[in-house]
Amino acid sequence: MPQKLPHSSGRVLRWLGVASLPCLLAAGFAVSGGWLSPHRVTQNTLIAALQGVDGKHPGFRRNHAKGVCVTGWFEGNGTASALSTSSFLEARRVPVIGRFALAGGMPYQGDAPGKVRSLGLSLRGADGQEWRMGINDIPVFPVRTPEEFQALQLAVRPNPATGKPDPAQVQAFRAAHPWLASAGAALAKRPITSGFENDTYRSLDSFLLQDAKGHVTAVRYAMVPEETDVTIPALSGENALFERLANAIAAHPLRWTLVFTVAGPGDVIDDPSREWSGQDRQIEGGILTIDRIESEETGSCTGITYDPLILPPGVSASGDPVLQARSAAYMRSFAERSREPRPVPAVTPATLETKSQDKAS
Amino acid sequence: MSRPDVFSGPSRLLHWLMVVLILTMLFVGVFMASGAGPHYHMLVSFHRPLGIAILLLAIVRLINRRFNPPPALPADLPRVMSLVAKASHWALYVLMITLPLVGWAMLSAGGYPIPLWGQSLLLPPILPHDATVWGWLRLTHTVLAFGLFGLIMAHAGAALFHFLIRGDRVMQSMTGMPSDPAE
Ligand code: HEM
Ligand code: HEM
Ligand code: HEM
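Going by what an unreviewed UniProt entry lists, chain B is known as Cytochrome B561 and is assigned to Asaia krungthepensis NRIC 0535.

Going by what an unreviewed UniProt entry lists, chain A is known as Catalase-related peroxidase and is assigned to Asaia krungthepensis NRIC 0535. Per its UniProt entry, chain A bears the Function (unreviewed entry) comment "Has an organic peroxide-dependent peroxidase activity." Comment text from UniProt for chain A, heading Cofactor (unreviewed entry), reads "heme".

Set out below in structure tokens:
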């Protein structure tokens, strides 16, 4: 029989005992989930900060929203196998699903020449292994950490009255982060090419290559275009850069060389805002060939997120904190946009069709 | 037929081992999914194999249950309470199995390679690549995980209710204290 307790105060204590464990668990859960630390930088706050600048566009990537799908292949040349066991660097060919895009969260922005351009790549091994890359055409990243990335987005958020960033906010961000001045200067004087097809895309973040003996080499990498003088005539209009890319691919497959830069003694590995010396050893890893272009509406890049931490054996993340935040934020963006109705992208199958007809006529 | 009044040794071992594993998973899960910190990738890489281990252990546990049935609930337990107890135990079993399966299925549908251990050993996909399915399963994983957590809070409270309020032997049946020899 359940014993009857003599004193009511004892009974209260016992009920408190019953409640103690669930309350303890709930408190631990709340602490872990960050509900008691509202200033934590999370997937959600990073995405909210991006949306604060460019607005929310359901169904689109929360950053690099305007883009096209491409496919082709990557063929390693075996040279970089001295540094990494990755099968992708051996002399063999693997299919690639890629995406060219403009940075920023606005899916219908006009193709301004100065906009940061990007290339997402998924190198797909026969064994299910993949190497995903998300690379940009800038020399360095403007910030060092996810916290700084978020603070920068908040600083450049457009003022509702003017529709433009508040110069005072931007100035305050600069003043508070003097160590980012050299990155800002490098970004301001970067060369701008005439299109996606003759642009160089860089990893910015560093990665580690492991060889068979377990020896580790820190590298950054870039996709360097084969042709730098492109004879395709310039186009005008909202989608000029993408149409030009379609014309270039229609003319002949486009090729890039994967070039690794090995960290030298003075190079800062875990900080994407710092340029490397320029004296470093470079190694060519293979050739990327892109021979087809497709709208996001039908292409297979839409169902992929170019999470830079999807890496094959032989390649791993450096200690760069931006890589970790990217992996987390890309997953959240990918999940959210995949639940939203599929929107119509700026570059539709029709846009690309007219381009290839223009070419044929 | 007289049933023993404590859970069998293997049942108790599995129960308490899984208490530690599942609570770890829930705390690690909400921590990593609400952060973008320097350990994010390491935590997700730990979350996957631990989740699969829970899936396997849950199956072992159900098999073990066939051979070592649980002791009867106290005879004087009100009917509703014993129904709720049984239903909640089955719900716990169902969640221990569906939650890791949803985790595995969502990454399959998302087109993610699913490394189980290190980078070399990949789990095969159990669903075809379909981003819409990924998006909804990712949400389902959160909803089920929070449901499991709520159920565990109630379950832990119920165990203490048996111990502190009713003063019956339900708690001891899982801690393994044998009955008072005097009884
Ligand atoms: C903390 C810093 C960063 C945050 C929060 C961030 C956030 C994002 C988000 C949310 C997406 C959309 C993902 C999707 O829906 O699939 C994205 C795409 C992308 N990001 Fe970042 N990013 C960061 C840093 C970087 C860096 C350093 C690079 C370049 C090296 C980069 C390159 C790219 C590229 C290339 C894409 C587009 C891939 C595609 O075409 O699908 N990002 N970023
Ligand atoms: C009993 C097993 C499991 C439990 C208790 C569990 C629990 C959780 C929890 C609480 C979250 C955070 C949800 C949120 O706050 O949105 C989560 C996220 C996640 N889980 Fe699990 N999980 C389990 C099994 C698995 C398995 C087997 C996999 C994969 C094979 C997996 C993959 C993931 C992934 C990828 C995330 C998302 C991380 C992010 O959004 O950054 N889980 N899980
Ligand atoms: C947090 C502290 C916990 C305590 C104090 C506790 C205590 C107990 C007790 C006393 C029983 C026996 C109940 C009975 O005979 O009817 C039991 C059974 C059970 N517990 Fe827990 N438990 C805890 C956590 C968990 C967790 C985290 C899970 C898994 C999600 C779990 C799953 C189960 C299941 C499935 C049973 C039923 C066993 C069966 O009938 O086969 N428990 N628990």
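Trainee: Explain the UniProt feature "transmembrane region" (unreviewed entry) in chain B to me, using residue names and the numbers behind them.
Mentor: All names here are of chain B. The UniProt record annotates "transmembrane region" (unreviewed entry) at residues 12-34, 46-63, 90-114 and 143-165. Secondary structure across residues 46-63 divides into 100% helix and 0% strand, with the first and last C-alpha atoms of the span separated by 26 Å. Here residues 143-165 runs as 100% helix and 0% strand, with 32 Å between its end C-alpha atoms.

Trainee: Please give an account of the coordination of the iron atom of ligand 2 that cites residues and values.
Mentor: Residues and elements named next belong to chain B. Protein-derived coordination of the iron atom of ligand 2 comes from His47 (NE2) and His141 (NE2), at a distance range of 2.0 Å. One way to put it: the 6 donor atoms around the iron atom of ligand 2 meet at angles of 88 to 179°, and that makes the site octahedral. With a gap of 94 residues between them, His47 in helix 2 (residues 40-67) and His141 in helix 4 (residues 131-166) connect regions that are remote in the sequence. The exposure class assigned to His47 is buried, which follows from its relative accessible area of 15%.

Trainee: Can you lay out the site of ligand 3 for me, pointing to particular residues and giving the numbers?
Mentor: Residues and elements named next belong to chain B. With respect to spatial proximity, 21 residues lie near ligand 3, and among them His15, Arg65, His89, Tyr93 and His155 are the closest. Side-chain polar atom of Arg65 to an oxygen atom of ligand 3: 2.5 Å apart, as the coordinates give it. The side chain of Tyr93 places a nitrogen or oxygen atom 2.6 Å from an oxygen atom of ligand 3. When grouped by side-chain class, the residues that make up the shell around ligand 3 number 15 nonpolar, 4 polar and 2 charged.

Trainee: How would you explain the interface of chain B and chain A if you had to name every residue and give the values?
Mentor: Listed as interface residues are 44 residues of chain B and, on the opposing side, 53 residues of chain A. Both sides of the chain B and chain A interface together cover about 4,000 Å² of buried area, and 64% of this is carbon and sulfur. At the boundary of chain B and chain A, one finds 0 salt bridges. Along the contact surface separating chain B from chain A lie 18 residue pairs in polar contact (both at pLDDT 80 or more). With 18 residues, helix 4 of chain B is the largest single contributor of residues to the side of chain B that touches chain A. Taken together, the residues that form the side of chain B that touches chain A break down as 27 nonpolar, 14 polar and 3 charged.

Trainee: Any chance you could break down the site of ligand 2 for me, citing the residues and the numbers?
Mentor: Surveying the vicinity of ligand 2 reveals 26 residues, the closest of which are Tyr40, His47, Arg138, His141 and Thr142 of chain B. Chains contributing residues near ligand 2 are chains A and B. The side chain of Thr142 of chain B places a nitrogen or oxygen atom 2.8 Å from an oxygen atom of ligand 2. For the shell around ligand 2, the elements supplying multiple residues, two or more each, are helix 7 (321-339) of chain A together with helix 1 (9-33), helix 2, helix 3 (79-109) and helix 4 of chain B. Tallied by class, the residues present in the shell around ligand 2 amount to 16 nonpolar, 7 polar and 3 charged.

Trainee: Which residues make up the state of the cysteines, and what are the values?
Mentor: Residues and elements named next belong to chain A. Considering all chains together, one arrives at 1 disulfide over all chains under this definition. Disulfide partner of Cys69: Cys301, at an S-S distance of 2.0 Å. Here Cys69 and Cys301 share a disulfide; its torsion about the S-S bond, -75°, makes the bridge left-handed. Separated by 232 residues along the polypeptide, Cys69 in strand 1 (residues 66-76) and Cys301 in the loop between strand 9 (282-294) and strand 10 (315-317) bring together distant segments of the chain. Accessibility assignment for this pair places Cys69 and Cys301 in one class, buried.

Trainee: Lay out the UniProt feature "domain: Cytochrome b561 bacterial/Ni-hydrogenase" (unreviewed entry) in chain B with the relevant residues and their values.
Mentor: As annotated in UniProt, the feature "domain: Cytochrome b561 bacterial/Ni-hydrogenase" (unreviewed entry) corresponds to residues 7-176 of chain B in the numbering used here. For residues 7-176 of chain B, the end-to-end C-alpha separation is 7 Å, with 74% helix and 4% strand making up the annotated structure.

Trainee: I'd love a proper account of the coordination of the iron atom of ligand 1, names of residues and values included.
Mentor: Coordination of the iron atom of ligand 1 by the protein involves just one donor, Tyr330 of chain A (OH), at a distance of 2.0 Å. Counting through the fold element by element, Tyr330 of chain A comes out in helix 7.

Trainee: Quick rundown of the UniProt feature "transmembrane region" (unreviewed entry) in chain A? Include the residues and the values.
Mentor: The UniProt feature table records "transmembrane region" (unreviewed entry) at residues 12-36 of chain A. Across residues 12-36 of chain A, helical content stands at 84% and strand content at 0%; the span's end C-alpha atoms are separated by 29 Å.

Trainee: Describe the nonpolar core, listing the residues and the values that go with them.
Mentor: Core analysis: the largest hydrophobic core is formed by 47 residues, its most contacted members being Leu46 and Val143 of chain A together with Leu107, Tyr112 and Trp134 of chain B. In this view, Leu107 of chain B contacts Met331 of chain A together with Arg48, Tyr112, Ile114 and Trp134 of chain B; residues no more than four positions away in its chain are not counted. Formed by 45 residues, the second largest nonpolar core is a distinct cluster that contains Leu245, Trp256, Val262 and Ile293 of chain A.

Trainee: So what's going on with helix 1 (residues 8-32) of chain A? Residues and values would help.
Mentor: With 25 residues, helix 1 of chain A should reach 36 Å at 1.5 Å per residue; the first-to-last C-alpha distance of 36 Å fits that figure. Ser20 of chain A marks the point of greatest bend in helix 1 of chain A, at about 30°, and the proline Pro22 of chain A comes within the next four residues. Lining the buried residues of helix 1 of chain A we find helix 1 and helix 4 of chain B.

Trainee: Now, about the packing of aromatic side chains: what can you tell me, with residues and values included?
Mentor: In this structure the tally under the stated criterion is 23 aromatic pairs over all chains. Every member of this aromatic cluster is reached through a ring pair, and the members are Phe29 and Trp35 of chain A together with Phe27, Phe146 and Phe149 of chain B. Across from the ring centre of Tyr112 of chain B, 5.9 Å away, lies the NZ or CZ of Arg132 of chain A, which sits over that ring.

Parameters at a glance
Residues numbered from 1 in each chain as written. Chains lettered and ligands numbered in written order. Predicted model: local features only at pLDDT ≥ 70, side-chain atom pairs only at ≥ 80, totals over all residues. Heavy atoms only, no water. UniProt positions renumbered as here; feature names shortened; annotations may be inferred. Helix = DSSP H or I, 4+ residues; strand = E, 2+ residues; numbered from the N terminus. Donors = N, O, S within 2.8 Å, 3.2 Å for Na, K, Ca; no water. Tetrahedral: all angles 85-135°; square planar, octahedral: opposite > 155°, others 65-115°. Buried < 20%, exposed > 50% of the residue type's maximum accessible area, 1.4 Å probe, protein only. Near = heavy atom within 4 Å. Polar contact = N/O pair within 3.5 Å; in protein donor to acceptor, adjacent residues only side chain to side chain. Nonpolar A, V, L, I, M, F, W, Y, C, P; charged D, E, K, R; others polar. Contact = heavy atoms within 4.5 Å. Buried area = accessible area lost by both parts, 1.4 Å probe. Salt bridge = Lys/Arg side-chain N within 4 Å of Asp/Glu carboxyl O. Disulfide = S-S within 2.5 Å. Core = buried A, V, L, I, M, F, W, Y, C linked by side-chain atoms within 4.5 Å. Expected span 1.5 Å × (residues − 1). Bend = angle between axes of the 7 residues up to and from the residue. Phe/Tyr/Trp six-rings, centres within 6.5 Å; stacked < 30°, edge-to-face > 60°. Lys NZ or Arg CZ within 6 Å of the ring centre and 35° of its normal.

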